[in-house]
Amino acid sequence: MKKYTFLLFSWMLPVYVWTQTASISGTVSTEESVLPFANVMLEDQDIGVNTDEVGKYQLKNLEAGDYTLLVSYVGYISLKKKIHLGVGEQLVLDLEMTS
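All of these numbers come straight from a predicted model, not from anything done at the bench. Here the residue numbers are simple positions, counted from 1 along each chain's written sequence. This being a predicted model, a pLDDT of at least 70 is required before a residue's local features are given, and a value of 80 or more before pairs of side-chain atoms are given or counted; all residues contribute to the totals for chains, interfaces and linings. With hydrogens and water stripped out, all remaining heavy atoms of the structure feed into the side-chain values.

**Re the pattern of salt bridges**
Pairing is possible between side chains that carry opposite charge, provided their charged atoms lie close to one another.
Thought 1: By definition, a salt bridge exists where a carboxyl oxygen of Asp or Glu is found within 4 Å of a side-chain nitrogen of Lys or Arg. Across all of its chains, the model carries one salt bridge by this definition.
Thought 2: A salt bridge links Glu43 to Lys80; the shortest N-O distance between them is 3.2 Å. Remark: Lys80 occurs in strand S6 (residues 79–85) and Glu43 occurs in the loop between strand S2 (39–42) and strand S3 (48–50); sequence separation between them is 37 residues.
Thought 3: Residue classification places Lys80 among the exposed residues on the basis of a relative accessible area of 59%. Numbering of helices and strands starts at the N terminus; helices are DSSP runs of H or I of at least 4 residues and strands are runs of E of at least 2. With a 1.4 Å probe rolled over the protein chains alone, any residue whose accessible area is under 20% of its type maximum counts as buried; one over 50% counts as exposed, and the rest are partly exposed.

Set out below in structure tokens:
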């Protein structure tokens, strides 16, 4: 019986750990349009993505904590935003850039 209990808990552990990660997603745009292929990254981390063709981005599997989000695009003023992610939080953050 102990063997089966151990197997059950060892199978459930990755599911529990996976649900504890946070994510940030949203759209990068200007007043007029979305910005495809803008750079979105976390300061002092090796984590970053480019927005897709319609300006959407998603940073997944993040630990809870405080971060500084950096957004840049050629011809626009870079954006810097401090954020806090809670355990399991799925933050939706739409960002507007100016030239």
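Still to come is the rest of the account.
**Observations regarding unusual backbone geometry**
Thought 1: Positive phi, normally seen in glycine, also occurs at Phe37, with a value near 65°.
Thought 2: Tracing the sequence through the fold places Phe37 in the loop between strand S1 (22–29) and S2.

**Points about the sheet that holds S3**
Thought 1: Following DSSP output, two strands are said to pair if at least two bridges run between them. Within the open sheet, the four strands sit side by side as S3-S2-S5-S6. Their pairing is antiparallel. Two strands in the sheet have a free side with no partner beyond their single neighbour: S3 and S6. The mean inter-strand angle of the sheet, taken between neighbouring strand axes irrespective of direction, is 20°.
Thought 2: Both S2 and S3 contribute to a ladder of three bridges, which runs antiparallel. Angles run from 0 to 180 degrees between N-to-C directions of axes, and those axes are lines fitted to C-alpha atoms, restricted for helices to the stretch in contact.

**Remarks on the environment of Tyr67**
Thought 1: Within the element layout of this structure, Tyr67 appears in strand S5 (residues 65–72).
Thought 2: Along the sequence, Tyr67 and Lys82 sit 15 residues apart, while their C-alpha atoms lie 5.9 Å from each other.
Thought 3: Only heavy atoms enter the contact rule, under which two residues are in contact if any of them lie within 4.5 Å. Every residue in contact with Tyr67, bar those within four places of it in the chain, is listed here: Leu42, Gln45, Leu62, Lys81, Lys82, Ile83 and Leu85.
Thought 4: Polar contacts, as used here, are pairs of N or O atoms within 3.5 Å; protein pairs need one atom able to donate a hydrogen and one able to accept it. Residues neighboring in sequence count only if both atoms are side-chain atoms. A polar contact of 2.7 Å, which involves the side chain of Tyr67, links it to the backbone oxygen of Glu63.

**Side note on the pairing of S6**
Thought 1: Two strands pair when backbone bridges link them, and S5 and S6 are joined in this way by seven bridges, in the antiparallel orientation. Opposite Gly65, over in S6, you have Leu85 as the bridge partner.
Thought 2: Two successive antiparallel strands, S5 and S6, enclose a turn made up of six residues, where Gly75 displays a positive phi of approximately 90°.

**Observations regarding the side chain of Thr68**
Thought 1: Positionally, Thr68 belongs in strand S5.
Thought 2: Once you skip the residues sitting within four places of it in the chain, Thr68 turns out to touch Met41, Leu42, Glu43, Lys80, Lys81 and Lys82.

**With respect to the side chain of Thr27**
Thought 1: You can see Thr27 is positioned in strand S1.
Thought 2: Of the polar contacts made by the side chain of Thr27, one reaches the side chain of Lys56; its length is 3.3 Å.
Thought 3: Setting aside chain neighbours within four positions, we find Thr27 in contact with Val34, Val54, Gly55, Lys56, Tyr57, Leu93, Asp94 and Leu95.

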